[in-house]
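Survey of secondary and tertiary structure
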Amino acid sequence: MGHRHTSSSSHQPVVIGTGLVALDVVISNGMMTDPILCAGGTCGNVLTALAFLGWKSYPIARLRNDAASKRVIEDLKHWGVDLDFVTLSDSGSTPVIVQHIRQNRDGERSHSFSRKCPACGAWLPWYKAVKAAAVPDLSLRLPKAEVFYFDRTSRGAVTLAQNARMGGSIVIFEPSSESDPALLNDALTTAHIVKVASDRLRGNEDLIFAKAPLLLIETLGDQGLRFSIKPARGRRTWKTLPAFHLNQICDTAGAGDWCTAGIIDSLGSLGPDKLATASIEEIQAALKVGQAMASWTCHYDGARGGMYTSSKSEFKRAVTDILKGKTRPIQRPSDRKAQHKVEAVWCDYCSATT
């Protein structure tokens, strides 16, 4: 069943997505500074970045009605993300991801992720997929969208993607963990564009050999990316695009999410037919935009830290400069408006003892 309604604005493209929408807890230098709390997760970052870029973004998520979700909702609202399809209930779950940013004696910075509370060590809540039983009602209420995005395979997510494709949307799939083989096959058959990080191929190896997607993208970290356009006949061939040079790196978290957002912003409004006939030059230009946005976010702490310290015009100028090969000095959050900080609300165990 396809989407029944149309977007309220003909000039504002619409993206619908389902997958990981989480609370990010970003901690620099151990616990020496207050954690930064913001909406995150792969799907959450991609759809929020697209809202920043001018899209009407509709995440589909099952969150728990708790303090963590309140912070997520507050942040998503701040960026204009539409929350019509985000539910809050006791049966939902608000995933929490702790990002630790560390700096060694040479000034080199690195990050790691944890699902444990940095204060008490308790395991933090994790993701619950949209229920397959909820899909018929959702499909009736969802607006018509240029793009449907999903980052995890579940029966509900794949069915929503299939419905979106029948409704004329470009479907973009970005697997982030090992997938059930049957669901992975359905996802690969449904998606027009599949993007995967090289370090996420384990358990998803079949996607590199998938025949159905119009465009396959494998990101290779600081080595750039490679991509393959579906051939009219014969075997797939791959082309590589090098990464942009960065003279300074603050934090690489979120680079993949911004790359995805840039690709969607460049190709998502084409429609499936025009995407199928896009030239290799058009595809490469879109991928370079994604790479430039990925490079831009590496100048800031957190997956979307730059959104809190740069205006949209500054962002556009910075990305244009990166595309031209120009470099800019890193602007630390302390040099600009500080990112919003709140009390530590990510852990039920800690909250219960305060």
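Note that this is a predicted model, so its numbers are computed, not measured.

1. Regarding the overall build of the protein
When its secondary structure is counted, the protein shows 10 helices and 13 strands. Classification of the 354 residues of the protein by burial places 53% in the buried group. A fraction of 67% describes how many contacts in the protein between residues 6 or more apart in sequence connect residues 24 or more apart.

2. Considering the packing of aromatic side chains
Enumeration according to the criterion identifies 11 aromatic pairs in this entry. Measuring from ring centre to ring centre gives 5.1 Å for Trp258 and Trp296, while their planes differ by 75°; the resulting arrangement is edge-to-face. With Trp258 in helix 6 (residues 255-267) and Trp296 in helix 8 (residues 280-297), the pair connects residues that are 38 residues apart, well separated along the chain. In terms of burial, Trp258 and Trp296 fall into one category: buried. Pairing Trp258 with Phe315 gives two aromatic rings, centres 5.7 Å apart and planes at 45°, and the pair type is tilted. Of this pair, Trp258 sits in helix 6 while Phe315 sits in helix 9 (residues 312-323), placing them 57 residues apart in sequence.

3. Describing the side chain of Ser93
If you trace the backbone, Ser93 turns up in the loop between strand 5 (86-88) and strand 6 (96-103). Here Trp126 takes part through its backbone oxygen, which lies 2.5 Å from a polar atom of the side chain of Ser93. Not counting residues within four places of it along the chain, the set of residues in contact with Ser93 comprises Arg62, Leu63, Arg64, Pro125, Trp126 and Lys128.

4. Describing the environment of Ile27
On the secondary structure map, Ile27 appears in strand 2 (residues 22-28). Under the relative-accessibility criterion, Ile27 is labelled buried at 0%. For the pair Ile27 and Leu37, spaced 10 residues apart in the sequence, the C-alpha separation amounts to 9.1 Å. What Ile27 contacts, discounting residues up to four positions off in sequence, is Pro35, Val98, Gln99, His100, Ile101 and Pro118.

5. Describing the packing of helix 8 against helix 9
Helix packing for two helices is described by the angle between their axes and how far apart those axes are. Relative to each other, helix 8 and helix 9 sit at 115°, their axes nearing to 9 Å. In this structure, the crossing between helix 8 and helix 9 has a hand that is right-handed. Touching Lys288, Val289, Ala292, Met293, Ser295 and Trp296 of helix 8 are Phe315, Ala318, Val319, Ile322 and Leu323, all from helix 9. Counted by class, the contact of helix 8 with helix 9 contains nine nonpolar, one polar and one charged residues.

6. Quick notes on the sheet that holds strand 1 (residues 14-18)
The strand order across the open sheet formed by nine strands is 5-4-1-8-9-10-11-12-13, and the pairing between neighbours is mixed. Bordering the open sheet on either side are strand 5 and strand 13 (239-241), each of which pairs with just one other strand. Here the strands of the sheet are splayed against their neighbours by 20° on average, with no regard to which way each runs. As paired elements, strand 12 (residues 225-229) and strand 13 share three bridges and run antiparallel to each other. Bridging from a neighbouring strand, Leu225 pairs with Leu241 of strand 13. Running at roughly 165° to strand 10 (residues 193-197), helix 6 makes contact with strand 8 (147-150), strand 9 (170-173), strand 10, strand 11 (215-219) and strand 12 of the sheet.

7. A word on the pattern of salt bridges
For the structure on display, the rule yields nine salt bridges. In this structure, Asp82 engages Lys56 in a salt bridge whose closest nitrogen and oxygen atoms are separated by 3.6 Å. On the criterion of sequence distance, the pair formed by Asp82 in the loop between helix 2 (67-78) and strand 5 and Lys56 in strand 4 (residues 56-63) is long-range, its members being 26 residues apart. In this structure, Asp75 engages Arg304 in a salt bridge whose closest nitrogen and oxygen atoms are separated by 2.8 Å. Note that Asp75 is positioned in helix 2 and Arg304 in the loop between helix 8 and helix 9, a separation of 229 residues in sequence. According to the relative accessible area criterion, Arg304 is buried, its value standing at 2%.

8. A short note on the confidence of the model for the protein
The pLDDT averaged across the protein works out to 86; a share of 87% of its residues lies at or above 70. Low confidence marks residues 1-9, where pLDDT is under 50. Its contacts with residues over four positions away, or in another chain, come to 27 contacts. This stretch, residues 333-342, has a pLDDT under 50; its non-local contacts, to residues over four places away or in other chains, come to 20 contacts.

Reading guide: rules and limits
- Residues numbered from 1 in each chain as written.
- Predicted model: local features only at pLDDT ≥ 70, side-chain atom pairs only at ≥ 80, totals over all residues.
- Heavy atoms only, no water.
- Helix = DSSP H or I, 4+ residues; strand = E, 2+ residues; numbered from the N terminus.
- Buried < 20%, exposed > 50% of the residue type's maximum accessible area, 1.4 Å probe, protein only.
- Contact = heavy atoms within 4.5 Å.
- Phe/Tyr/Trp six-rings, centres within 6.5 Å; stacked < 30°, edge-to-face > 60°.
- Polar contact = N/O pair within 3.5 Å; in protein donor to acceptor, adjacent residues only side chain to side chain.
- Axes fitted to C-alpha atoms, helices over the stretch in contact; angles between N-to-C directions.
- Left-handed = near helix turned anticlockwise from the far one by under 90°.
- Nonpolar A, V, L, I, M, F, W, Y, C, P; charged D, E, K, R; others polar.
- Pairing = 2+ DSSP bridges.
- Salt bridge = Lys/Arg side-chain N within 4 Å of Asp/Glu carboxyl O.
- pLDDT = per-residue confidence, 0-100.

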